[in-house]
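# Residue-level structure breakdown
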Amino acid sequence: MSAPATVAITGLRTFIGQRIAERLATRAPRLRVVGIDLRRPQRLERKIAFERVDLTDPASHARLAEIFARERVEAVLHAAFRRDPTPDVETDHELETVGTLQLLHACTAAKVPRLVVASTTMLYGPRADNPNYLTECHPLRGHPEAHCVQNRVQVEALLVDWARRHPHAQVTVLRCAWLMGPSYFDRVVRHFARPIVPTLLGYDPLLQFVHEEDCLDAFEQAVLDAHPGVYNVVAPDPLPLSTILRLSGTTRAPLPAAILYRMRDLAARAATGDPPAAFYDYLRWTWVADGARGYAAFGEPAYTSREAWISFVSSRRLRQYR
Amino acid sequence: MSEQDGDLGAPPGSAPVLRDALDALRERLHERFTPANADGVDWMALYESMRRRFASLGMRDLSADVDDFGMDAEAIASARPWLDLLYDRWWRVTVSGVEAVPRGRASLFVANHSGLLPWDGLMIAAALGRHQPAAPRARFLVADWLATLPFAQPWIARHGGVRACRENAERLLRTDRSVIAFPEGAKGAAKVFRQRYRVQRFGRGGVVRTALALGAPLVPVAVVGAEEAHPVLFKVETAARAFGLPFIPVTPTFPALGPLGIVPLPTKWSIVFGAPIETTELGPDAADDEILVWRMTEELRSQIQSMVEVGVRERPSVWR
């Protein structure tokens, strides 16, 4: 089996879910797309069928299994994850970890032959003792204080377990670096889009991005062709944080870690439910992933980290003058 | 203009020519220092000009391009005069045996370690850079605690240091860049003065295993003189824990002289490169042969130990 006839996408309203649904609908004319989410997107291609399922509902696995069987789904793209962590830690866990479990039960029941799951290189965790390039075999150490990262680490453990018990199924996990590009937006982008960016005094790690189009290319190929395994989806040539901010002409506000963490504590907990270390540690230690395996499978990315960053910066400038 | 107005120092009753000249000068000074829009200073323009000036100051010595391990060729070029000063004048480094270093191939250099600061790594890299200017710069591995120390970490990364771990060494060797390793690790850095030139245990054999896995030649290197540059009299361990350091070294100058105390002593250095040990014929499977790895590690250690002893015996004094 190469190209599936019907693809189901959970998290149709997420960036990856929506863009991949649109791409598949326009580029693969004979392919059916079933989009699953909590609410119907405002704008939906006519070719995309919408199904409303709440993954935090305990009965959602039966509902998903019924949809997968009825539509004869041959590939599932699981992208129903939080873009940013929310203060509602319980619901985040229900949606991300337990929701994945529901989806896996449904895949078992409907015998779905291909599963593609969106993941992130943040799961390797920012650690002082990381090697400069983390390969796919490196243990996922996560960040103990970032609850969404820990949820996704559990998701990957569930996937490993499930893939072992269902050897016939092709499970693809794509771990993406921080996305940058003209249309993607999340808290990382918001952080870097500030006129003055707080950084940690005395630290200047290499940072890695991936351009949104390169990321979507990898997802599209993973859905359409068989690529079982785990892949880092990252842009080559990481750059030091200081260089990145100089490229965009952003003013840095280097602060000692103790002061920065205390200063941002309340705001960070209110916005994400985690202490500031859950985010700023990613600007403190290196957690660059090695993309060689992904390049061999999905081709060289069109954008380096620098180009992805410049693409984001220039689109932001244009937006200011619109 | 009256003659009492003598703030420019014109003596009363001086020649009218001089007075005219002073008037003209004053007028020109007034013109020069009054902004065009006299009703106020253009603070925005001033701020913008300062910002530009300081931004370019921040960009000084650093290029926007680093390699995949964060090494910055421009930072190295601007540090070059200082490193040359240390190399030629301060330590008067003499190099021997460098002709035998394999050309056109990445090698794994194994050296005795000394002191907490990576001076030995910088000097070996400089010696190799002088001998083989066309080859990619050799990268020195630094211990964990230094590779993660604030301020030190960005500086070391820009100047070619890499955190010591097997993945990093393998990646460097695979991409044809030589690696300088100090397998004594923390035990080597923690040597006190009376333990100098006693080469400690070589970790768990990771260096030899890496060389075997990639077929890279192992080059033993003895650095003589470096172990006296920071003579550690004793170590303070309890107070160091408060700062997250393994220990605080107490040398004749540190911490007594404060920041000046980190200036190393101008000892006479010699760097001796031994004959390279070929590992290709053993094949990558030999890396899993624990007994072979252990034996080669111990042989390498004793070879470096004897090279160091010869160097120490043959030098006329620590300073010459």
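Since the model is a prediction, treat every value here as computed from it, not as a measurement.

Now for the overall build of chain B. What chain B contains, in helices and strands, is 10 helices and nine strands. For chain B, restricting intrachain contacts to residue pairs at least 6 apart in sequence, the fraction spanning at least 24 positions comes to 71%.

Let us look at the overall build of chain A. For chain A, the helix and strand inventory stands at 12 helices and 13 strands. Radius of gyration (C-alpha) of chain A: 19 Å, near the 20 Å computed for a compact globule of 322 residues. Expressed as lengths along the three principal axes of its C-alpha atoms, the size of chain A is roughly 55 × 40 × 35 Å. A burial count over chain A gives 47% of its 322 residues as buried. In chain A, of all internal contacts separated by at least 6 residues, the share reaching a separation of at least 24 is 80%.

Residue and element names in this part refer to chain B. Between helix α7 (residues 166-174) and helix α9 (residues 206-214), the shortest axis-to-axis distance is 10 Å and the interhelical angle comes to 35°. Here the hand of the crossing between α7 and α9 comes out right-handed. Contacts from Arg166, Ala169, Glu170, Leu173 and Arg174 in α7 reach Gly206, Thr210, Ala213 and Leu214 in α9.

Here we take up the interface of chain B and chain A. Counting residues at the interface gives 18 residues for chain B and 16 residues for chain A. Going through the elements one at a time, α6 (152-158), β4 (161-163) and α7 of chain B are the ones with two or more residues in the side of chain B that touches chain A. Ranked by the residues each element gives to the side of chain B that touches chain A, the list is headed by α7(B), at three residues. Broken down by class, the residue content of the side of chain B that touches chain A amounts to nine nonpolar, four polar and five charged.

Residue and element names in this part refer to chain A. Extensive coverage of strand β2 (residues 32-37) is indicated by the burial of five of its six residues. The pairing of strand β1 (residues 6-10) with β2 spans five bridges and is classified as parallel. Bridged to valine 7 within β2 is valine 33. Taken together, the five bridges between β2 and strand β3 (residues 48-52) define a ladder with parallel strand orientation. Paired with valine 33 across the bridge in β3 is isoleucine 48.

With that out of the way, let us pick up helix α2 (residues 60-71) of chain A. Note on helix geometry: an α-helix contains 3.6 residues per turn, so any two residues three or four positions apart are oriented the same way. All names here are of chain A. The terminal C-alpha atoms of α2 lie 16 Å apart, and with 12 residues this matches the ideal 16 Å at 1.5 Å per residue to within 8%. When α2 is considered as a whole, its buried residues turn out to be Ser60, His61, Leu64, Ala65 and Phe68. The arc that holds every buried residue of α2, seen down its axis, measures 135°, which confines them to one face. Here the buried face of α2 lies against β1 and α3 (89-110).

Residues A:Phe219, B:Leu108, B:Phe109, B:Val110, B:Ile124, B:Ala181 and B:Val221 are the most contacted members of the largest nonpolar core, which totals 158 residues. Considering each element in turn, this core owes the most residues, eight residues, to helix α4 (residues 119-131) of chain B. Contact partners of B:Ala181, with chain neighbours within four places excluded, come to B:Leu108, B:Phe109, B:Val110, B:Leu141, B:Ala164, B:Ala169 and B:Val207.

Time to look at the sheet that holds strand β11 (residues 229-233) of chain A. Residues and elements named next belong to chain A. Spatial strand order, β3-β2-β1-β4-β5-β6-β11: seven strands in an open sheet with parallel pairing. The strands lining the two open edges of the sheet, one partner per strand, are β3 and β11. Between one strand axis and the next, the sheet turns through 20° on average, direction left out of account. The sheet contact formed by strand β6 (residues 170-176) and β11 spans five bridges and is parallel.

What follows concerns the domain arrangement of chain B. Partitioning chain B into structural domains gives domain 1 (16-58) and domain 2 (66-229 + 264-314). Each of domain 1 of chain B and domain 2 of chain B has a C-alpha centre, and the two are 56 Å apart.

This paragraph deals with the confidence of the model for chain B. Residue and element names in this part refer to chain B. Here chain B averages 85 in pLDDT, and 88% of its residues register 70 or above. Below a pLDDT of 50 lies the segment residues 1-6, which in the model reaches three contacts outside its immediate sequence neighbourhood of four places, other chains included. Our summary of model confidence lists the complex with pTM equal to 0.86 and ipTM equal to 0.89.

Attention shifts here to α9(B). Residue and element names in this part refer to chain B. Taken across its nine residues, α9 has eight buried, putting it largely inside the fold. All of the buried residues in α9 are Val207, Val208, Arg209, Thr210, Ala211, Leu212, Ala213 and Leu214. Next to the buried residues of α9 lie β2 (108-111), α7, β5 (179-181), β6 (218-224) and α10 (290-314). Just downstream of α9, glycine 215 is the residue with a positive phi angle, here 65°.

Before going further, it helps to spend a moment on the pairing of strand β4 (residues 75-78) of chain A. Residues in a regular strand point their side chains to alternate faces of the sheet. Residue and element names in this part refer to chain A. Residues Ala75 and Leu77 line one face of β4 and the alternating positions Val76 and His78 line the opposite face, and both faces are buried. Inspection of the sheet shows β1 paired to β4 by four bridges, in the parallel sense. In the strand pairing of β4, valine 7 is matched with alanine 75. Direction of pairing for β4 relative to strand β5 (residues 114-120): parallel, over a ladder of three bridges. In the sheet register, valine 76 faces β5, and the bridge partner there is leucine 115.

Moving on: the environment of B:Pro16. Residue and element names in this part refer to chain B. Turning to its location among the elements, proline 16 is positioned in helix α1 (residues 16-33). Proline 16 gets classed as exposed once you count the C-beta atoms within 10 Å, which come to 7. Distance from proline 16 to tryptophan 294, taken between C-alpha atoms, is 96 Å for residues 278 residues apart in sequence.

Okay, the sheet that holds β2(B) next. All names here are of chain B. Read from one edge of the open sheet, seven strands run β1-β9-β6-β2-β5-β3-β4, paired in mixed fashion. What marks the edges here is a single partner per strand, and that holds for β1 (94-96) and β4. The sheet shows a mean angle of 25° between the axes of neighbouring strands, direction not considered. Pairing between β6 and strand β9 (residues 270-273): four bridges, direction antiparallel.

So, about unusual backbone geometry. The general pattern is negative phi for most residues beyond glycine and trans for most peptide bonds. B:Phe254 connects to B:Pro255 through a cis peptide bond whose omega is 0°. Relative to the assigned elements, B:Pro255 resides in the loop between β8 (248-250) and β9. Of note, A:Asp237 is a non-glycine position whose phi angle comes to about 60°, a positive value. Among the structural elements, A:Asp237 can be located in the loop between β11 and β12 (239-240). For B:Arg92, which is not glycine, the phi torsion reads 45° and is therefore positive. Inspection of the secondary structure puts B:Arg92 in the loop between α3 (73-90) and β1.

Each value, and the rule that gives it
- Residues numbered from 1 in each chain as written.
- Chains lettered and ligands numbered in written order.
- Predicted model: local features only at pLDDT ≥ 70, side-chain atom pairs only at ≥ 80, totals over all residues.
- Helix = DSSP H or I, 4+ residues; strand = E, 2+ residues; numbered from the N terminus.
- Contact = placed C-beta atoms within 7 Å.
- Rg over C-alpha atoms; globule rule 2.2 N^0.38 Å.
- Buried ≥ 20, exposed ≤ 12 C-beta atoms within 10 Å, placed from the backbone.
- Axes fitted to C-alpha atoms, helices over the stretch in contact; angles between N-to-C directions.
- Left-handed = near helix turned anticlockwise from the far one by under 90°.
- Nonpolar A, V, L, I, M, F, W, Y, C, P; charged D, E, K, R; others polar.
- Pairing = 2+ DSSP bridges.
- Expected span 1.5 Å × (residues − 1).
- Arc of directions from axis to C-beta.
- Core = buried A, V, L, I, M, F, W, Y, C linked by C-beta atoms within 7 Å.
- Domains from an automatic or database assignment.
- pLDDT = per-residue confidence, 0-100.

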